[in-house]
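# Tertiary structure, described
Okay, here's what each chain looks like letter by letter:
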Amino acid sequence: MARRDSLVQEDLQQVDAEKSSLEDVLELLHTSKTEGLTQDQAQRRLDTFGPNALREKKVNPILQFLSFMWNPMSWVMELAAVVAIAVSNGQGKPPDWEDFVGIVALLLINASIGYYEETKAGSAVAALKASLAPEATVRRDGKVTDMPASEVVPGDVLIIKLGDMIPADGKLIEGDEGMKIDQAALTGESLPVSKTSGQTLFSGSVVKQGEGEMVVTSTGENTFIGRAAHLVSETEGSGHFQLILSRIGMFCIGLMSVFLLLLIIIQYAAQKYNYRVGINNVLTILIGSIPIAMPTVSP
C-alpha cells in the first residue's frame, strides 16, 4: 500500500480529476466509498501534500512600507530633501525647513497610498482563508469522525449535510435527490446549484439542501479557491502602468541631470553666483523635475 500511495501525487498531476469519472477517481486515489482511507494512508498523504490550508506570505510591514520610497521618482525627491536640509544652508541662513517638510510629507503620503493598496491584496487572501471550513466529518478505517479540516487529504471520504461548508475540492459520491450547493462566492452564480453523483464540489461552497458523501480530490493550494488565493498572494513584478511610470521617472532623472550640470557650470563657473542662491536654484530644479504626485494614481 505504501508503494501505491507513493504514486498518488504523480497521478493527480497527470490526470484531470474534475473531468474523470467517479470510478476512475476512486481507483486513482486508492480509496473506498465504504471504508475511506486508513489512518496510515491519511498520514502519508498529509506528509506528501501538506495540510489542507492556505499559506500566507509573511511580509515585514515596515520594509513593505519603505519599499514604496524606493523608485526613480522618490529617489529624486529624497535627494531634494537632503539638499534642503544638509546643503541648503550657510551664509547666516538656516536650512530650508519648509521645502524639507513638504518633500517628506509628499513621500509619506505616496508611500501610505501604495502600502494601503498593497495590503488590500493580503486582506483578500485572509478573507479567502477565513471562508474555509474549520472542521470536517471524515470516514476513516470505516469509522466516521470529526477532525480539523486542515487534516483532510486527497482520497478522504467526507460526509456533508445541510449548512456544512465544503472543506476541499472533490466529487460527490452520493447525495439526496435535489441536493443543492451554494457556489456564489466562487462562481458568482446567484442561486444554489443542483448536484448529482459524480459532479464536482468546490472548497468554500455551502450545502443548502440535502446531504451526501464526497471523495476529496484536491486540498490546500491545489483547490479552486486555493489557486485563486495563490495568484493573489504570489503575483510579483510591476504592472504595465507601473513600468510606464518607472520609464517616465528615469527619463526625468536623465533630463534633470543634464540641466543640473549645465546650471551648476553656468551659475558658479560662468556667472559667479552666490552659493546659497545657486543651491536654491538647484533645489528648485530637483523639486520641479519629477511629478511626485504620479505614484498616487498608479495603483
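Residues numbered from 1 in each chain as written. Predicted model: local features only at pLDDT ≥ 70, side-chain atom pairs only at ≥ 80, totals over all residues. Heavy atoms only, no water.

## Re the overall build of the protein
For the protein, the count of helices and strands is 11 helices and nine strands. In the protein, which comprises 299 residues, the share counted as buried stands at 37%. A fraction of 73% describes how many contacts in the protein between residues 6 or more apart in sequence connect residues 24 or more apart. Within the structure as shown, the protein displays about 16,500 Å² of accessible surface, and the carbon and sulfur contribution to it stands at 60%. (Helix = DSSP H or I, 4+ residues; strand = E, 2+ residues; numbered from the N terminus. Buried < 20%, exposed > 50% of the residue type's maximum accessible area, 1.4 Å probe, protein only. Contact = heavy atoms within 4.5 Å. Areas by Shrake-Rupley, 256 points an atom, 1.4 Å probe, with all protein chains shown as cover.)

## A short note on the pattern of salt bridges
Enumeration according to the criterion identifies three salt bridges in this entry. Between R139 and E213 there is a salt bridge, with its nearest N and O atoms 2.9 Å apart. Residue R139 is found in strand β1 (residues 135–140), and its partner E213 is found in strand β9 (residues 212–218); the two are separated by 74 residues along the sequence. Overall, the relative accessible area of 12% leaves R139 in the buried class. By relative accessible area, E213 is classed as buried at 14%. Measuring nitrogen to oxygen at the nearest pair gives 3.6 Å for the salt bridge that ties K161 to D164. (Salt bridge = Lys/Arg side-chain N within 4 Å of Asp/Glu carboxyl O.)

## Remarks on helix α11 (residues 275–289)
In this model α11 runs 21 Å from its N-terminal to its C-terminal C-alpha over 15 residues, within 8% of the 21 Å that 1.5 Å per residue would give. What α11 keeps buried is the set R276, G278, I279, V282, L283, L286 and S289. Burial along α11 is one-sided: seen end-on, the buried residues are contained in an arc of 160°. Seen from the buried face of α11, the exposed residues on the opposite side, beyond 90 degrees, are T284 and G288. (Expected span 1.5 Å × (residues − 1). Arc of directions from axis to C-beta.)

## Some details on the packing of helix α6 (residues 72–87) against α11
One way to put it is that α6 packs onto α11 with a least axis distance of 9 Å and a crossing angle of 160°. Between α6 and α11, the angle is such that the two are roughly antiparallel. Our pair here, α6 against α11, has a crossing hand that is left-handed. Only Y275, I279, L283, L286, I287 and S289 of α11 make contact with α6, whose side of the interface consists of V76, M77, L79, A80, V83, A84 and V87. For the contact of α6 with α11, the class distribution of residues is 12 nonpolar, one polar and no charged. (Axes fitted to C-alpha atoms, helices over the stretch in contact; angles between N-to-C directions. Parallel < 35°, antiparallel > 145°, perpendicular 65-115°, else oblique. Left-handed = near helix turned anticlockwise from the far one by under 90°. Nonpolar A, V, L, I, M, F, W, Y, C, P; charged D, E, K, R; others polar.)

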